[in-house]
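Descriptive analysis of the structure
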Amino acid sequence: MSKEIQHRTKLEIAKSPEGLEGPGFFATSLDQAVGLARKNSLWPLPFATSCCGIEFMATMASHYDLGRFGAERLSFSPRQADLLMVMGTISKKMGPILRQVYEQMAEPRWVLSVGACASSGGIFDTYSVLQGIDRIIPVDVYVPGCPPRPEQIIDGILKIQELVQNESSRRRNSEEYTKMLNSYGIE
Amino acid sequence: MSKEELLNNISEALKSKFHGDIERIEMQYDFPVFTVNKEKIHEIISFLHSDPELNFHFLTDLTGIQTPDEKHLGVVYHLHNMPKNWRIRLKTFMPMTHPEVSTISDIYSGANWMERETFDFFGIRFIGHPNLKRILNMDEMDYFPMRKEYPLEDQAREDKSDKMFGR
């Protein structure tokens, strides 16, 4: 006897932000409305170089289905992407290329570092491997694991979504942000 | 032809032409190995390549080596005669202070990238090479990572220090 499949019937949709409500109108702050829209329509750019990339493929496929979180559409052009997902070992020779990809992305942009290698160099403590991508580009969320399971990658995406939703629309124009980028030698 | 016959054949052919430049002849793990004078390496390989009897027309591999006393660098050549399935190995050594050897990329075109790799990792300069620059490592690298005097690990690593383990 095969197990009966349980379908989830109670579906949740994105909740509207806090605001003033009345017959025929709804008023909220622009930050919250934009945050809600951005959060649920991320366009990730996968920068997959090794086994974490394989886990990412599983994450995108039907079983785990990242599309459920609005990140259905992968952007293979950095100019249209919001989220740079770095998955795998980045060698020192690859470093400038990753940085170029990051610089080509338009603001606002976020970076998710998936796996031990991208986050710290992992087991590759050697002359040819970059010891963590945060040495060349700023990282928003780190996902630990070697490689992490698809659930962990999804968790990382949800953390990114939290950041996206709560980000002030002025952050990217602030002095602190420019200073932070300058500390990586960008612009 | 057995391995021993091959070793004897080649050493006779080499000795008759390059007597005194063949420093050592031995069978290492069932493989004929000839250690030769660095100055004559181009001539010897050229002879092995073009002699119609020997006909070592294929360069299987070329790589570098450093002796454990850190005083000498070496280059190892693996040659192959495919019609007769003869394989031999040639070695040549040079002092660390003067790591230069003649290129063989004019004999085997395949040696071009192998010599670049050997230069990249051991810093052995191949005189006469058409384009001797790094091939695998980044161009900005300022040392030769396979040499024993340099550490294998990346010195920028922070998460392995004792304070991360409460020591």
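What you see is a predicted model, and the numbers here were worked out from it, not measured in a lab.

A word on the confidence of the model for chain B
- For chain B, the mean per-residue pLDDT works out to 91, and 100% of the residues sit at or above 70.
- Interface confidence for the predicted complex, given as ipTM, is 0.77, next to a pTM of 0.84.

Quick word on the packing of helix H1 (residues 30-39) of chain A against helix H5 (residues 150-166) of chain A
All names here are of chain A.
- Two elements in contact, H1 and H5, have axes separated by 7 Å at closest approach and are oriented at 155 degrees. Comparing their axes, H5 and H1 come out roughly antiparallel. As for the relative orientation of H1 and H5, their crossing is right-handed in sense. For the pair H1 and H5, the contacting residues are Gly 35, Leu 36, Arg 38 and Lys 39 in the first and Gln 161, Val 164 and Gln 165 in the second.
- When the residues that make up the contact of H1 with H5 are grouped by side-chain class, the tally is two nonpolar, three polar and two charged.

As for unusual backbone geometry
- Geometrically, the link from A:Glu107 to A:Pro108 is a cis peptide bond, its omega value of -5 degrees lying close to zero.
- Its place among the elements puts A:Pro108 in the loop between helix H3 (95-104) and strand E5 (110-114).
- For the bond running from A:Cys146 to A:Pro147, omega is -10 degrees, close enough to zero to count as cis.
- Note on placement: A:Pro147 falls in the loop between strand E6 (141-143) and H5.
- The phi dihedral of B:Tyr29 falls on the positive side, at around 50 degrees, and the residue is not glycine.
- The backbone of B:Asp30 sits at a positive phi, close to 65 degrees, despite the residue not being glycine.

Quick word on the pattern of salt bridges
- Enumeration according to the criterion identifies 15 salt bridges over all chains in this entry.
- With a shortest N-O distance of 2.9 Å, A:Arg172 and A:Glu167 are connected by a salt bridge.
- Linking B:Lys3 and B:Asp30 is a salt bridge whose minimum nitrogen-to-oxygen distance equals 3.8 Å. Residue B:Lys3 is located in helix H1 (residues 3-18), and its partner B:Asp30 is located in the loop between strand E1 (22-27) and strand E2 (32-36); the two are separated by 27 residues in the primary sequence.
- Classification of B:Lys3 by relative accessible area gives partly exposed; the value is 38%.
- In this structure, a network of salt bridges that share partners links the residues A:Glu107, A:Arg109, A:Glu167, A:Arg171 and A:Arg172.

Parameters at a glance
- Residues take numbers from 1 onward in each chain, read along the sequence in its written order.
- Chains and ligands are labelled by the order in which they are written, letters from A for the one and numbers from 1 for the other.
- Where totals are concerned, whole chains, interfaces and linings use all residues; where local detail is concerned, this predicted model gives features only for residues with pLDDT of at least 70, and gives and counts side-chain atom pairs only at 80 or more.
- Values reported for side chains reflect all heavy atoms of the structure, with hydrogen atoms and water molecules removed beforehand.
- Per-residue confidence from the predictor is reported as pLDDT, which spans 0 to 100.
- Angular values range over 0 to 180 degrees, each being the angle between N-to-C directions of two axes fitted as lines to C-alpha atoms, with helices fitted over their stretch in contact.
- Put simply, DSSP marks the helices as runs of H or I at least four residues long and the strands as runs of E at least two long, and each gets a number from the N terminus on.
- With respect to orientation, any angle under 35 degrees is reported as roughly parallel, any angle over 145 as roughly antiparallel, any angle of 65 to 115 as roughly perpendicular, and every other angle as oblique.
- Here is the rule for handedness: rotate from the far helix to the near one, and if that takes an anticlockwise turn smaller than a right angle the crossing is left-handed, while a clockwise turn gives right-handed.
- Residues are treated as being in contact if the distance between any of their heavy atoms lies within 4.5 Å.
- Gly counts as polar in this scheme, as do all residues outside two lists: the nonpolar Ala, Val, Leu, Ile, Met, Phe, Trp, Tyr, Cys and Pro, and the charged Asp, Glu, Lys and Arg.
- When a carboxyl oxygen of Asp or Glu is within 4 Å of a side-chain nitrogen of Lys or Arg, the pair counts as a salt bridge.
- When a residue's accessible area, from a 1.4 Å probe over protein chains only, is under 20% of the maximum for its type it is buried; when over 50% it is exposed; and in between it is partly exposed.

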